[in-house]
Every structure is written in structure tokens, then in C-alpha cells.
Amino acid sequence: MKEKVLIFDTTLRDGEQSPGASLNLQEKVEIARQLEKLNVDIIEAGFPASSPLQFEAVRHVGDESGKIVAALCRAMENDIKSAHDALRNARYPRIHTFISTSDIHIMGKFGHERYGKTLAEKQRSILKMAVDAVRYAKTFTDDIEFSAEDAGRTDPAYLAEIIEAVIEAGATTVNIPDTTGYTWPSEFGKKIADLKQRVTNIDQAVISVHCHNDLGLAVANTLSSIENGARQAECSINGIGERAGNASLEEIVMGLKVRSDLHDFYTDIVTEEIYNTSRMVSSFTGLIIQPNKAIVGDNAFAHESGIHQDGMLKNRQTYEVMTPESVGVPQTTIVLGRHSGKHGLQARLSSLGYKVTGEELEKVYERFLSVADKKKEIYDDDLRVLMGDELNKPLE
Ligand code: KIV
Ligand code: ZN
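A quick note: this is a predicted structure, and the numbers were derived from the prediction, not measured.

Let us look at the pairing of strand β8 (residues 206-211). Most of β8 is tucked away: five of the six residues are buried. In this structure, strand β7 (residues 173-178) lies alongside β8, joined through six bridges in parallel fashion. For P177, the partnering residue across the bridge sits in β8 and is H210. Of the pairings in the sheet, the one linking β8 to strand β9 (residues 232-235) comprises three bridges and is parallel in character. From the neighbouring strand, V209 faces β9, where its bridge partner is A233.

Below, the structure is given as C-alpha cells:
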């Protein structure tokens, strides 16, 4: 039996926290509509208590979305109330409350004596705040997510204790964030397996993960946690988010889809909408996508080397593990440059209407290489000029 992994998209919340990114209300609403087309399970629309714009954005998205809409809030009454107010007309509201649980966060962020003097005393206060927050949020809606911030660096016994207590208080999703992107895939996977062992009521909640990419391991950590029992993946389009970003939605989803031979998980993402969503998020946030970005970068389906182009022309599977169409990219691109071979050049010329074979092709290829040595990429217009020089007319 295949098991579903829920996709929780946090582009509009953590993603928008990316340095340099900011979205206006209209842009947020449009992205949320596109996320619906992509068919994510949960849209985290923002952090209502953090600003009036955030509040309004959550309200608008909640008002019109047919998906679960989550609002983030600290484990504090005012924040929780604000999340509830912003979501009051949402069809499927989720209150997502969080508090820090690692020693380093507790000592750094809860240094005041009112939380206790020793680490152990502070841990007690935080556990109580977490439970109180979940109980209070539960008075507004049934769908409550609790996040143990910096769970990646949290003591396993304390993490298990707080997770058990918030489930007891009514949390229906328990999120284990690797807030600082510090863990390794094997380590993070074991953390999830360990929680499943230690937390006696874990079956009453969905285990979620939220991995940051500080060491470039966010997607790997997410996949490892899914193998070990997580059933909700928090992620963002193009992997945008705080610092080095969040796990990228498109990489998790395609990782699961392309390697379905390795496991029994699936998502309900309409993968053909990935590319449109990615472009929309990039253009609205102003965060450009690196060309070699997996799945959605300009070069993700571009082939330049002669050997690769030749292989691709014979059978696309030689160098592509998924089709561009499967993620909504219009087509594979054969990029002509100095690494290209004769077959790639011949195929492109043929698509432009030039039939070149034998000796003619040798001559054209020589000229092509001398131009390619001076230019990074050879465009179709360059080829037309080159062919005009060489043969003076395209064949009918
Ligand atoms: O990275 C993090 O820990 C978060 C939580 C608020 C879920 O973004
Ligand atoms: Zn985060």
C-alpha cells in the first residue's frame, strides 16, 4: 500500500523571509492560487502577528483557498489570537505554533530568570508554554501544528517529552525542524525513528519535518526523514527561505516521483505545474534561479557536450532521468557551444531547415568551432549567418 506524503508549502511564510524577497498582497494571493493548481496540501500563508500586511495576506488567502491554510504564531496568546483572527473565514484553518527547544536556543532566547535559573528549569517553563499554547489554539480549531524550533539540535529525551505533551494537549501535527540546517541525513532520519520509539502517543499526530539548507542537505534530510516515518514535508518553491533557504518543493517531489522504485510514498502534486510556479515565485520575489538549479534551472534540461547531445538525439533517457514536460518545462534544449559535436549541430541545422551532410558538414563544423571558441553559446541566428556564409541559402 502506497503512503501519501503531505506537502506543506511555506513559500509565503518562510520563503518570504528570504533576504531580499518581499511580496505585496496581490502577489501573495496570486502565488497562493498557483499553489492550489500545483495541488499542495497545506499553504502556510504567513505570520499574522508579525505585521499588518502579513495579517491581511493570511486573511485573503484563507478567505479564498480551498486548501488547508496555516498561520504561524509564537507560543503566546496574542500571537495565537491573531492567527485565529486572520484565519477566521478560512475553510480549513490550521494554527501553527512554535517554541524553541534546543539548549542553545533556550539559554540564548529565554535567558530571563522568569523562565527559571537553570537549563532544567527553563525546559520545564518551555514545556508548559508549549502545552498551554496548544490548548489555547485548540479552542479555535481542531487542526493544530506544533513546531519544536531547532529540533535538529535538541536533546532527544527532551524533544520526545515535549512532543508527547503537545500531542496529549491536542496537536495533530508535530513538526521537527532542522532550523539551522545542521544535521546529516542519516542523523536526521534516526531522530525521526527515535521519536517514533520514544513518544508513546505518536500515532495520534502526523510527523512533519522542516529542513533548512545551510549545509545543502535540506532535501536529503527531508527524504531521509520520510523513510523513517515523517509524513509531512515542509518546503518552498525554488527552496527559498531564511539564509540558505528551505528544502525545495520541486526537488522533494521529483525525488520521490522519479525514484518511486525505491519506496512506497507518493504526493498529490501536479508536477506539470512546477515550472510555472517556480517562474512566478522568482519573478514576484526578484530572487533569480541559479542556472544549474535542479528541476527548474535554465540548464536543468540543457545539454551542451557533444557526447551528451549525441546520446540525447538517440534516446533521451541516456542523459535525462525525467522529461522536461513532466515538470512543465517546454522542452529539452540542446545548447550549442564549443563542447558540442557534429550530430548536435546537424540536428539543430536540420530543425532550422538546413540539410547538411558529409563533407559540407565537416566544413560547417570547422567554422562553427571557430565561432564557438569566441562565444559562450551559439544561437540560431548565429547559425543562420554561418550557413549564409557557407552555403548561401537554406534548402527547401
Ligand atoms: O525553521 C524553523 O524552525 C521554522 C519554524 C518556525 C517552523 O521556520
Ligand atoms: Zn524555517
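On we go.
It is worth spelling out the site of ligand 1 at this point. Close to ligand 1 lie D14, L72, F98, S147, E149, N175, P177, T179, H210 and H212, which account for all nearby residues. Only β6 (144-149) and β7 provide two or more residues apiece to the shell around ligand 1. Looking at the shell around ligand 1 residue by residue, the class counts come to three nonpolar, five polar and two charged.

Attention now moves to unusual backbone geometry. Keep in mind that most residues, glycine aside, have a negative phi and that most peptide bonds are trans. One non-glycine residue, N238, lies in positive phi territory at about 65°. Tracing the chain through its elements places N238 in the loop between β9 and α9 (249-258). Owing to 28 C-beta atoms within 10 Å, N238 belongs among the buried residues under this scheme.

As a further point, take the nonpolar core. Of all hydrophobic cores here, the largest spans 89 residues; its most connected members are A45, A71 and A233. Aside from chain neighbours lying at most four places away, what touches A233 is V5, I7, F8, V209, T222, I226, A247 and I252. Formed by 12 residues, the second largest nonpolar core is a distinct cluster that contains Y354, V364, F368 and L383.

Cut-offs applied
Think of each chain on its own: its residues are numbered from 1, step by step along the sequence as written. As they are written, the chains are lettered A onward and the ligands numbered 1 onward, keeping that order. Owing to the predicted nature of the model, reporting of local features is limited to residues with pLDDT of at least 70; listing and counting of side-chain atom pairs is limited to 80 or more, with chain, interface and lining totals taken over all residues. Exposed residues have 12 or fewer other C-beta atoms within 10 Å of their own C-beta, buried residues have 20 or more, and partly exposed residues fall in between, where C-beta atoms are placed from the backbone. Only runs of H or I of at least four residues qualify as helices and only runs of E of at least two qualify as strands under DSSP, and these elements are numbered from the N terminus. Two strands pair under a simple rule: DSSP has to find at least two bridges between them. Contact assignment follows one rule, namely that a residue is near a molecule or strand if its backbone-placed C-beta atom lies within 6 Å of it. Polarity classes work like this: nonpolar for Ala, Val, Leu, Ile, Met, Phe, Trp, Tyr, Cys and Pro, charged for Asp, Glu, Lys and Arg, and polar for all others, with Gly in that last group. The term nonpolar core refers to a group of buried residues, namely Ala, Val, Leu, Ile, Met, Phe, Trp, Tyr and Cys, whose C-beta atoms join them within 7 Å. Here, residue contact means that the backbone-derived C-beta atoms of the two residues sit within 7 Å.

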